[in-house]
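A look at the structure
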Amino acid sequence: MKKVGVVIPIYNVEKYLKECLDSVINQTYTNLEIILVNDGSTDKNSLNIAKEYTLKDKRIILFDKKNGGLSSARNVGIEYFYGEYETQCIENENELNVFKIIGDNPQNIYKIYKYKNALASDKLEISKIDYIIFLDSDNYWELNCIEECVARMQNVDVLWFDHACIYDDGIEDKGQKTRMNVFNFTQECTITPRDYAKQAIKVGSRDISFSWGGMIDFSFLKQLKLKFINKIINEDIHFGMVLFASADSIYILPKRLYLCRLRANSISNHDKKVTKANVSEYFKDLYEAFGENAKEAKNYLKAASRMITALELIEFFKDQKSENSQAIKEAFLPFYVKKALMIKKFKKDPLNLKEKLPIIKPFIQTKIPYDLWKICQKIKGIFR
């Protein structure tokens, strides 16, 4: 059986965490290595619930770390499976062996917990995984999610599945289509990145984000040495574009295997009031730089994230020559580079990003209408 690595970031989700974890430990596919990453939760029970499940299921390893944001938490799982951590057992806590990181600790991990009866010795052995998948801790899976994915991962770099939305009280269901619906993928199929780029242009979408929306061949990911960019929002844009541009094949699975909860205080809904008491650790410097003006600091973070993403993508595409990567670059890079110009409107620029505007300007292009694009493609075909 192929082994699947599951990575679940946790931050102040005591209300939803058990439902999430139950959907994982009760999967019909059982060969899992489950990484829980408590990203400095400040509520009463998130960490305790995570410890409870670490005692309950031998497949779970729990990381407790300083708050660093969603990217940092996901990167803990990636770095663990990459084999980048050296650990040492330091104590025992209620049947849990407690480990610490020796040497480099880029994500500021405090402790690592593993049920002692699940260990052959006092060492934390890193399992070799075949596939990796991410799940946000306020969401959950259908119980056959992993089984459905693994059955289709042969000779595939990335599998993309559909999701359904669940609306918390106070969040209006506006009947929005999922990206799978927008792209008109209704049948299972294998596509190339070039196919994806063509379809994006055809339907008028530039969405290429990817994090929890599917499964990734781990050897492919490790070859890319790909991680999420820390301390930004919309981190799944860079991750998704590099992933898709580098892939040979993408499997389309139009089944709603992921249940995505939309709630007022989630990362995707930024209406929670930020105060000095509850500001996230990774956001604190920007919050203070803008005189504790949360709205202005959040808007700058959004602009800075776009700028950092654009700069990283430009750097990535410098060495990409394949037809697939060029198709992704042409379809998506100008769109996201143009969004990065938002940084110009800020008088304060604590990250000094405006000075890098000359780097991105050559990559901004005028949008080409789809009909003109089709004519260009025909002309290219004639003269090939």
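Residues numbered from 1 in each chain as written. Predicted model: local features only at pLDDT ≥ 70, side-chain atom pairs only at ≥ 80, totals over all residues. Heavy atoms only, no water.

1. Points about helix α11 (residues 323-339)
As a reminder of what qualifies: Only DSSP runs of H or I reaching four residues or more are called helices, and only runs of E reaching two or more are called strands; each is numbered from the N terminus. The span one expects for a helix is its residue count, reduced by one, times 1.5 Å. Bend angle per residue: angle between axes fitted to the 7 residues ending at that residue and the 7 residues starting there. Throughout this description, buried means an accessible area under 20% of the type-specific maximum (1.4 Å probe, protein chains only), exposed means over 50%, and partly exposed covers the range between. Two residues form a contact once any of their heavy atoms are found within 4.5 Å.
The first and last C-alpha atoms of α11 sit 25 Å apart over 17 residues, in line with the 24 Å expected at 1.5 Å per residue. Remark: the principal bend of α11, roughly 40 degrees, maps to F332, with a proline, P334, within the next four residues. When we look at burial in α11, the residues that qualify are N324, S325, A327, I328, A331, F332, L333, P334, Y336 and V337. Those residues of α11 that are buried lie in contact with α6 (193-203), α8 (236-246), α10 (294-317) and α12 (357-360).

2. Comments concerning the domain arrangement of the protein chain
Put simply, the rule is: Just so you know, the domain bounds were taken from an automatic or database domain assignment. Buried area is understood as the total, over both parts, of accessible area removed when two parts are fitted together, assessed with a 1.4 Å probe. In what follows, salt bridge is the name for a side-chain nitrogen of Lys or Arg lying within 4 Å of a carboxyl oxygen of Asp or Glu. Two N or O atoms count as a polar contact when they lie within 3.5 Å, although within protein this holds only if one can serve as hydrogen donor and the other as acceptor, and sequence-adjacent residues are included solely when both atoms are side-chain atoms. Gly falls in the polar group here, along with every residue not listed as nonpolar (Ala, Val, Leu, Ile, Met, Phe, Trp, Tyr, Cys, Pro) or charged (Asp, Glu, Lys, Arg).
Taken domain by domain, the protein chain consists of domain 1 (4-261) and domain 2 (281-371). Computed over C-alpha atoms, the centres of domain 1 and domain 2 are 25 Å apart. Contacts between domain 1 and domain 2 engage 29 residues on the former and 22 residues on the latter. The junction of domain 1 with domain 2 conceals about 2,400 Å² of combined surface from both sides, 74% of it contributed by carbon and sulfur atoms. By the criterion of area lost to domain 2, the three top residues of domain 1 are R206, I233 and M241, representing 26% of everything that side buries. Seen at the junction of domain 1 and domain 2, the total is one salt bridge. The partner of E323 in a salt bridge is R194, with the nearest N and O atoms 3.3 Å apart. One can count seven residue pairs in polar contact (both at pLDDT 80 or more) joining domain 1 with domain 2. Of all the secondary-structure elements, those providing two or more residues to the side of domain 1 that touches domain 2 are α6 and α8. Among the residues making up the side of domain 1 that touches domain 2, the classes are represented as 15 nonpolar, seven polar and seven charged.

3. Remarks on the nonpolar core
As a reminder of what qualifies: The term nonpolar core refers to a set of buried residues drawn from Ala, Val, Leu, Ile, Met, Phe, Trp, Tyr and Cys, joined through side-chain atoms within 4.5 Å.
Core analysis: the largest hydrophobic core is formed by 85 residues, its most contacted members being F63, I132, F239, L243, I328 and F332. For this core, the element with the highest residue contribution is α10, accounting for 14 residues. Mapped onto the domain boundaries, this core takes at least three residues apiece from domain 1 (4-261) and domain 2 (281-371). With residues up to four places along the chain from it excluded, the contact list for I132 reads G5, V7, I78, F81, G214, M215, I216, F218 and L221. Counting residues in hydrophobic clusters, the runner-up holds 43 residues, among them I10, I25, C145 and M215.

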